Amino acid sequence: MSGPRIIPSPNIWHWPRVYEAENRAQDIDGRIPAVLKRVAPWEGATVVDVGCGSGFHLPEFAATAARVVGVEPHAPLVRAARARTASLDNVEIVDGNAESLPLDDASADVVHARTAYFFGAGCGPGITEAMRVLRPGGILVVVDLDVSASPYGDWMRADLPKYDCAAVEAFFDAEGFSLERVDTRWQFDSRQTMRAVLGIEFTERTATRAARSIPGLGFDVRYRIHWRRRPAGLVT
């Protein structure tokens, strides 16, 4: 009998330092947290961050949440997340994955995943598992890239020509998720840093073409935020 699927990350697992620079550059105007606070408020709540990586987003949750649990399957990233959050008493990092969360039933208020695991068809087991650990009325919120939007989506489609954005959105819609699109800006401290980030996200050919098309130190990136609430009462 096989265990839960572990999907290796093509970027942070292999280039954690470059991915750290990418995290710092993303959404410099804070538009994603603004939406998350509206659709899945976490003040005083228990938050589970699935695929937390090196824990970059955990301190933001921990500032107002009662408890934060970062779940990560890759041992080096588990260690990095623990080091990042060592001074935060309300944060715990556990070794686990989306399809087998090491948490009790009905123990969380918000399950959050950002560009991790929940990429469309095939993530049904993770949705079921999130619903298990959520309390009635709790919310699963998934943050992913909107591949239909330029310019970032153009670069992704060049490398992933079989990716069907409409099919992914139809999957989440059929699973009962709401959707909001969020336009953000990525801004880097140097062309060198920007080029390194493009190099871990795309093939060399696409990364080179993308870098040549960017006149400055930043570019626009659109995200999709999908969210679904666990029913608070009996479903009839």
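In what follows, the accompanying structure is described. (Residues numbered from 1 in each chain as written. Predicted model: local features only at pLDDT ≥ 70, side-chain atom pairs only at ≥ 80, totals over all residues. Heavy atoms only, no water.)

What about the overall build of the protein chain?
Threshold: Secondary structure counts use DSSP, requiring at least four H or I residues in a row for a helix and at least two E residues in a row for a strand, with both numbered from the N terminus. The quantity called the radius of gyration is restricted to C-alpha atoms. Its globule counterpart is 2.2 Å times the number of residues to the power 0.38. Type-normalised accessible area, obtained with a 1.4 Å probe on protein chains alone, sets the label of each residue: buried when under 20%, exposed when over 50%, and partly exposed for intermediate values. What makes two residues a contact is simply this: any of their non-hydrogen atoms within 4.5 Å. Values of accessible area rely on a 1.4 Å probe in the Shrake-Rupley scheme; residue burial ignores everything except the protein chains shown. His is not counted, nor are the chain ends, whereas Lys and Arg count as positive and Asp and Glu as negative. By convention, charge coordinates are those of NZ in Lys, CZ in Arg, CG in Asp, or CD in Glu.
A tally of regular secondary structure across the protein chain gives nine helices and seven strands. In terms of C-alpha radius of gyration, the protein chain reaches 18 Å, essentially the compact-globule figure of 18 Å for 236 residues. A burial count over the protein chain gives 48% of its 236 residues as buried. Partitioning the contacts of the protein chain with sequence separation of at least 6, the portion at a separation of at least 24 is 73%. Accessible surface, the protein chain: about 11,500 Å² in total, of which carbon and sulfur atoms supply 52%. Averaging the positions of the 27 positive and the 30 negative side-chain charges in the protein chain gives two centres separated by 3 Å.

Brief notes about the pattern of salt bridges
As a reminder of what qualifies: When a carboxyl oxygen of Asp or Glu is within 4 Å of a side-chain nitrogen of Lys or Arg, the pair counts as a salt bridge.
With the rule as written, the count across this model stands at 15 salt bridges. Residues participating in the shared-partner salt-bridge network are D144, D146, E169, R181 and R224.

Some details on the layout of surface pockets
Our working definition: Definitions used for this entry: grid spacing 1 Å over protein atoms alone; cavity, a set of points where a 1.4 Å probe fits but cannot get out; pocket, an open set with protein on both sides within 12 Å along at least 5 of 7 lines; lining residue, one with an atom within 4 Å of a point. Grid points are joined across faces, edges and corners, and a volume is the space filled by probe spheres set on the points. When residue character is reported, Ala, Val, Leu, Ile, Met, Phe, Trp, Tyr, Cys and Pro are called nonpolar, Asp, Glu, Lys and Arg charged, and the others, Gly included, polar.
Roughly 1,100 Å³ of volume is contained in the largest pocket. Mapped onto the lining of the largest pocket, the elements with two or more residues apiece are α1 (16-25), β1 (46-50), β2 (67-72), β5 (134-145), α6 (152-159) and α8 (191-201). The residue makeup of the lining of the largest pocket, split by class, is 27 nonpolar, eleven polar and eight charged. Considered as a void within the structure, the second largest pocket measures approximately 160 Å³ in volume. Taken together, N23, Q26, D27, G30, I32, P33, F56, H57, E60, R114 and Y223 make up the full set of residues lining the second largest pocket. Grouping the amino acids of the lining of the second largest pocket by side-chain chemistry returns four nonpolar, four polar and three charged.

Considerations on the packing of α8 against helix α9 (residues 204-213)
Heads up, the rule is: To obtain an axis, a line is fitted to C-alpha atoms, over the contacting stretch when the element is a helix, and the angle between two such axes runs from 0 to 180 degrees between their N-to-C directions. Crossings are assigned a handedness: left-handed for a near helix turned anticlockwise from the far helix by less than a right angle, right-handed for a clockwise turn.
For the pair α8 and α9, interaxial distance at closest approach is 9 Å and the crossing angle is 145°. Crossing hand, α8 versus α9: right-handed. Each of R191, R195, L198 and G199 in α8 lies in contact with α9, whose residues at this interface are E204, A207, T208, A210 and A211. Looking at side-chain class alone, the contact of α8 with α9 contains four nonpolar, two polar and three charged residues.

Here's the deal with the side chain of D49
Filter applied, for reference: Definition of a polar contact: a pair of N or O atoms within 3.5 Å, with one able to donate and the other able to accept a hydrogen when the atoms are protein atoms, and with sequence-neighbouring residues admitted only if both atoms are side-chain atoms.
Turning to its location among the elements, D49 is positioned in strand β1. No salt bridge is formed by the buried D49. Its closest oppositely charged neighbour is R114, at 6.7 Å. Of note is the side chain of D49, whose polar atom sits 2.7 Å from the side chain of H112. When sequence neighbours within four positions are dropped, the list of residues in contact with D49 reads H57, L58, F61, V69, G70, V71, H112 and A113.

Side note on the packing of α6 against α9
Applicable threshold: Throughout, the term roughly parallel applies to angles under 35 degrees, roughly antiparallel to angles over 145, roughly perpendicular to angles from 65 to 115, and oblique to all others.
Close contact between α6 and α9 brings their axes to 10 Å; oriented N to C, the two are set at 160°. Taken together, the axis directions place α6 and α9 in an arrangement best described as roughly antiparallel. In the packing of α6 onto α9, the handedness of the crossing is right-handed. Within the contact between the two elements, α6 uses W155, A158 and D159 and α9 uses T206, R209, A210 and S213.

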